[in-house]
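Structural overview for review
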Amino acid sequence: MKKNQIDLRVHHFFDVIRAFGKHSDANIEPHPHGHSFHSVVELIRTRPSLEIKLVIECDSVCCGCCHCKNGLCNDNVDHRKDFISKEEFNNFVDKRAMKKCLIKIGEVLTPSQLCQKAGMYLDNIDFIYAGNDDWHTAQRKKDVIKGLKYYSRLHDIKIIKAQD
Ligand code: SF4
């Protein structure tokens, strides 16, 4: 994947940062569903000035996914009872994350700029993922912090507020 600009749900951006926390230098293997998370991870890993348009719809991660139909995700969530549709759950998470991170739909930011939003994301992660298991959100938070440290060291990015 070689692009100057990609579309991303903001929670997918932080999923990429979390992947750096979990897997560090390791490559992410392509997923059986055919989506492009592994390619987006490498694009962001190598290009801190990549242009990312923030969207609330199927994005560049969803490219090639067997669940992406007419711009909507037709997959289901199985980790909680109040949502069935993954599209609706993703919209719920992204609307909360964008509000707390002061990001508008359609805004274009680089990975470096999005990393500066990480403090707001982390401070509000319990609100953003309200309804998920607490232990899972706590682990997500730890992995995102670890990934931020990896990414900021890799590209010499000074993050204004990264928690320990
Ligand atoms: S279409 Fe759905 S399952 Fe596929 S990558 Fe996108 S959000 Fe994930």
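Note: the structure precedes this text.
Read on for a plain summary of the structure. Source: prediction; values computed, not measured.

Attention now moves to the packing of helix H1 (residues 10-23) against helix H7 (residues 134-155). Interhelical geometry of H1 versus H7 gives an angle of 80° and a closest axis separation of 6 Å. On the basis of the axis angle, H1 is roughly perpendicular to H7. Packed against H1, whose contacting residues are Phe14, Ile17, Arg18, Ala19, Phe20, Gly21 and Lys22, the element H7 presents Arg140, Asp143, Val144, Ile145, Lys146, Gly147, Leu148, Tyr150 and Tyr151 at the interface. By residue class, the composition of the contact of H1 with H7 is nine nonpolar, two polar and five charged.

Taken together, three strands build an open sheet; the order of strands is S1-S2-S5 and the sheet is mixed. Looking at the sheet topology across the chains shown, the edges are occupied by strand S1 (5-8) and strand S5 (108-109). Looking at chain direction, S1 and strand S2 (residues 51-54) are connected through four bridges and run parallel. By the bridge assignment for S2, leucine 8 is matched with leucine 54.

Moving on: the environment of leucine 72. With respect to the element layout, leucine 72 can be found in strand S4 (residues 72-73). Leucine 72 gets classed as partly exposed once you count the C-beta atoms within 10 Å, which come to 15. For leucine 72 and phenylalanine 92, which are 20 residues apart along the polypeptide, the C-alpha to C-alpha distance reads 14 Å. Excluding its chain neighbours within four sequence positions, the residues that come into contact with leucine 72 are Cys58 and Glu87.

The rules we used
Residues numbered from 1 in each chain as written. Predicted model: local features only at pLDDT ≥ 70, side-chain atom pairs only at ≥ 80, totals over all residues. Axes fitted to C-alpha atoms, helices over the stretch in contact; angles between N-to-C directions. Helix = DSSP H or I, 4+ residues; strand = E, 2+ residues; numbered from the N terminus. Parallel < 35°, antiparallel > 145°, perpendicular 65-115°, else oblique. Contact = placed C-beta atoms within 7 Å. Nonpolar A, V, L, I, M, F, W, Y, C, P; charged D, E, K, R; others polar. Pairing = 2+ DSSP bridges. Buried ≥ 20, exposed ≤ 12 C-beta atoms within 10 Å, placed from the backbone.

Read these as layout, nothing more, since geometry by itself doesn't imply function.
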